[in-house]
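# Close look at the chain arrangement
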Amino acid sequence: MKILVCTDGSGQSQRVIEKAAQIAAGGNVEVTVIHVYETSKNGPYRIEGNETLSEELNRQLIELKEQEKEKSKKVLSEAAKALEKKNINVKTLLKEGRAAETIVRVAAENEFDIVVLGSRGLSGLKKMFLGSVSNAVLHEIKASVLIVK
Ligand SMILES: Nc1ncnc2c1ncn2[C@@H]1O[C@H](COP(=O)(O)OP(=O)(O)OP(=O)(O)O)[C@@H](O)[C@H]1O
Ligand SMILES: [Mg+2]
């Protein structure tokens, strides 16, 4: 891999150089793959005592949620497999919640140095350069971000 390091001689650019050096040094890198299972997109589900949904509809929704969760596990295990094939040791994290919020929280709690994500994802709408997840992560996260175009 070739890395292009951009500097303007500023203090910020010193940090850019430091980060590039860390990436180039390679050595002691720990890779974790995260997938956030987005509950908010798959609700609402009836909670105990809520009579707004019929028994049947509620059962179907719960079944759908289970199927979605299985898909999420597959996404994660396939990503891990792809990395393991390249002899990279990898940890996996399956989280439930809002994607951007969860990624930002997990990165902070575990002190990740660099977060890698795509400019866009599953959505077909390509009007904006960044998707809502990459946009929110980029704005809210403390860690450095690598946006893959
Ligand atoms: N649920 C998720 N879990 C983990 N990473 C995610 C998740 N959703 C998106 N990402 C990361 O964010 C990147 C950008 O995806 P994003 O969802 O922002 O774009 P989009 O799907 O094209 O647009 P949108 O979801 O806003 O309609 C993805 O390539 C991926 O790296
Ligand atoms: Mg998306």
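Cut-offs applied
- Residues numbered from 1 in each chain as written.
- Chains lettered and ligands numbered in written order.
- Predicted model: local features only at pLDDT ≥ 70, side-chain atom pairs only at ≥ 80, totals over all residues.
- Heavy atoms only, no water.
- UniProt positions renumbered as here; feature names shortened; annotations may be inferred.
- Salt bridge = Lys/Arg side-chain N within 4 Å of Asp/Glu carboxyl O.
- Helix = DSSP H or I, 4+ residues; strand = E, 2+ residues; numbered from the N terminus.
- Buried < 20%, exposed > 50% of the residue type's maximum accessible area, 1.4 Å probe, protein only.
- Near = heavy atom within 4 Å.
- Polar contact = N/O pair within 3.5 Å; in protein donor to acceptor, adjacent residues only side chain to side chain.
- Areas by Shrake-Rupley, 256 points an atom, 1.4 Å probe, with all protein chains shown as cover.
- Nonpolar A, V, L, I, M, F, W, Y, C, P; charged D, E, K, R; others polar.
- Core = buried A, V, L, I, M, F, W, Y, C linked by side-chain atoms within 4.5 Å.
- Patch = residues over 30% accessible without salt bridge, like charges linked within 9 Å, V, L, I, M, F, W, Y side chains within 5 Å.

The chain is annotated in an unreviewed UniProt entry as Universal stress protein of Dethiobacter alkaliphilus AHT 1. Per UniProt, the comment on the chain under Sequence similarities (unreviewed entry) is "Belongs to the universal stress protein A family."

## Things to note about the pattern of salt bridges
Overall, the coordinates contain 8 salt bridges when judged by the stated rule. Between Glu30 and Lys91 there is a salt bridge whose closest N-O contact spans 3.3 Å. Highlighted residues: Glu30 in the loop between α1 (11-25) and β1 (31-37) and Lys91 in strand β2 (residues 90-96), separated in sequence by 61 residues. Looking at Lys91, the relative accessible area reads 48%, which means it is partly exposed. Between Lys71 and Glu68 there is a salt bridge; the shortest N-O distance is 3.5 Å.

## Structural notes on the site of ligand 1
Taken together, 16 residues form the shell around ligand 1, and within it Val36, Arg120, Gly121, Ser132 and Val133 come nearest. At 3.1 Å, a backbone N or O of Gly118 approaches an oxygen atom of ligand 1. In the environment of ligand 1, an oxygen atom lies 2.8 Å from a nitrogen or oxygen atom belonging to the backbone of Val133. Protein contact buries 77% of the 620 Å² of open area that ligand 1 shows by itself. Residue assignment for the shell around ligand 1 shows that the elements contributing at least two residues are β1, α3 (99-109), β3 (114-118) and α4 (132-140). Grouping the constituent residues of the shell around ligand 1 by class yields 7 nonpolar, 8 polar and 1 charged.

## Some thoughts on the nonpolar core
In terms of nonpolar packing, the biggest core is built from 12 residues, these being Val36, Ala99, Ala100, Ile103, Val104, Ala107, Val115, Leu117, Ala136, Val137, Ile141 and Ala143. Within the residue set of this core, elements represented by two or more residues are α3, β3 and α4.

## Digging into a nonpolar patch on the surface
A cluster of nonpolar side chains, Met1, Ile3, Val5, Val16, Ile17 and Ile23, forms an exposed patch at the surface whose accessible area comes to about 540 Å². Along the chain, Met1 turns up in the segment before α1. When its relative accessible area of 88% is taken as the criterion, Met1 is described as exposed.

## Observations concerning the environment of Asn135
Checked against the element boundaries, Asn135 lands in helix α4. Asn135 sits in the partly exposed class, given a relative accessible area of 34%. Put simply, Asn135 and Lys149 are 14 residues apart on the chain and 13 Å apart in space, counted from C-alpha to C-alpha.

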